[in-house]
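Structural overview
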Amino acid sequence: MNYYTSKAICLIACFVSAITFSQDLKTTKYTASNKGKFFVSWGGNRENFSKSNIRFKGENYDFTIKDATARDKRKGWHIDYINPTRITIPQTNVKVGYFISNKYTVSLGIDHMKYVMQRNKTRTLNGNINLPASEAGSIYNGTYNNQDFMVSEDFLMFEHTNGLNYVYAEFSRYDDISNLFNLPNIDKFQINITEGVASGILYPKTNTTFMQKERYDEFHLAGFGMSLHAGLNLTFYKHFFLQLDLKGGYIDMPDIRTTSDIAESASQHFTYLERVIAFGGIFNI
C-alpha cells in the first residue's frame, strides 16, 4: 500500500466517523438525560387538614381547645397568582431545583398554604382562664374540665392566612415513562412520574384575635414540618412543564405567636393533604 492510498483510506475513515458522530447528535434527544439541568416552578394549591388540639398559654391562662377543625382559603383561578403585588394573597407554591443525576434532584421550595380555624363551633375546652377583671376577656374566666364551649368570633379568631408557610428542602426522583405510551419524539412531549421526601421549617404569619385582646399578625418561626409527595410531570418542547403533585405531611408548631406579649403563645400539630398544580421551566446550566 503506497503513501497516497494510505492517505485516502485515512480521509475516508475520518469522513465516515464525522457522519456517524453527526447522526448520533441528531438522534440524541435533549430530554434523554437530565443531569446538570436547573428547573423552577410556580403554581397553586388546595389542602385539607386533620383535627388538631390547640393549646393557648399565658401568664393568666392555660387551656386547650380539642379537636379544632380548619379549612384552607381558596382563591380559584385568579390573576393574583401572577400579579407581583398580590402573589401572597392566593395559596401558592414555588420551587427551584437541580438534577444531580439523570433521575435525582435536590430542590428548595415554599408552600404558601392557608389555615383557617373554623369558628362558631362547639368544642371541648380543658384548662383555666384567670384574666384580671380589668380585661374584657375576663368574662371567659373559669376552670374548664373537658367542657363543651362555643368558640365564637368574639372569643377567638385563629388563622395562618399569610400564611402557613412551609419552607423546605426536598430530595426527589424522576422516571421517564414516555415509552409506555409509544411517544415518537420525547423532545416534543415527555411524561415523568416523580416522588420525593422533604423537611423544613414553618414560618407562619398568624392572624389572631384572642379573648378580645388586640389583633396580632406577624411572621414568626413557629416549628417544623416534613412531607412526602408523588406526582406527574408533563414536559413540553424540552423546556416547559406542568407538574401535578399530591403531598402529605406533618406539621408541628410549638411556638405560635398570638399577641404582642412574647409570654403568650399557642401550640398545635396536625397532618395535611395538599394538591398542587404548577407550571415551570427546565434548562441546562
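Residues numbered from 1 in each chain as written. Predicted model: local features only at pLDDT ≥ 70, side-chain atom pairs only at ≥ 80, totals over all residues. Heavy atoms only, no water.

For the protein chain, the helix and strand inventory stands at one helix and 15 strands. For the protein chain, with 285 residues in total, the buried portion stands at 45%. Nonlocal contacts in the protein chain, meaning residues at least 24 apart in sequence, comprise 70% of its contacts between residues at least 6 apart. Total accessible area on the protein chain stands at roughly 15200 Å², and carbon and sulfur atoms take up 59% of it. (Helix = DSSP H or I, 4+ residues; strand = E, 2+ residues; numbered from the N terminus. Buried < 20%, exposed > 50% of the residue type's maximum accessible area, 1.4 Å probe, protein only. Contact = heavy atoms within 4.5 Å. Areas by Shrake-Rupley, 256 points an atom, 1.4 Å probe, with all protein chains shown as cover.)

Below, the discussion takes up a nonpolar patch on the surface. Residues F38, V40, V96, Y98, I100, V106, L108, F171, V197, L228 and I285 make up a contiguous nonpolar surface patch of about 960 Å² in total accessible area. Of all the elements in the fold, those that place two or more residues in the nonpolar patch are strand 1 (37-49), strand 5 (92-99) and strand 6 (104-117). Inspection of the secondary structure assignment puts L108 in strand 6. Residue L108 is classed as exposed on the basis of its relative accessible area, which comes to 54%. (Patch = residues over 30% accessible without salt bridge, like charges linked within 9 Å, V, L, I, M, F, W, Y side chains within 5 Å. Salt bridge = Lys/Arg side-chain N within 4 Å of Asp/Glu carboxyl O.)

The next subject is unusual backbone geometry. With omega at -5°, the peptide bond leading from N162 into G163 counts as cis. Tracing the backbone shows G163 in strand 9 (residues 156-176). For N146, which is not glycine, the phi torsion reads 50° and is therefore positive. Mapped onto the secondary structure, N146 falls in strand 8 (residues 142-151). When its relative accessible area of 40% is taken as the criterion, N146 is described as partly exposed. In this structure, M211 takes a positive phi of about 50° despite not being glycine. Relative to the assigned elements, M211 resides in the loop between strand 11 (205-210) and strand 12 (216-219). Its relative accessible area of 1% is what places M211 among the buried residues.

Moving on, we come to the pairing of strand 12. Here strand 11 pairs with strand 12 via four bridges, running antiparallel. Of the residues in strand 12, the one forming a bridge with K205 is F219. Here strand 11 hands over to strand 12 after five residues, with M211 in that stretch at a positive phi of 50°. (Pairing = 2+ DSSP bridges.)

The subject of this paragraph is the packing of aromatic side chains. A complete count under the given rule lists 22 aromatic pairs for this structure. Seen in terms of ring centroids, F56 and F63 are 5.5 Å apart; in terms of plane orientation they differ by 25°. Their pairing is stacked. Exposure remark for F56: the relative accessible area of 0% places this residue in the buried category. Taking the relative accessible area as the measure of exposure, F63 reaches 0% and is therefore buried. For the pair F63 and F155, a centre-to-centre distance of 5.9 Å together with 45° between the ring planes defines the contact as tilted. Taken together, the positions of F63 in strand 3 (residues 61-68) and F155 in the loop between strand 8 and strand 9 put the pair 92 residues apart, joining distant regions of the chain. (Phe/Tyr/Trp six-rings, centres within 6.5 Å; stacked < 30°, edge-to-face > 60°.)

Spatial relationships are all this shows, so hold off on functional conclusions.
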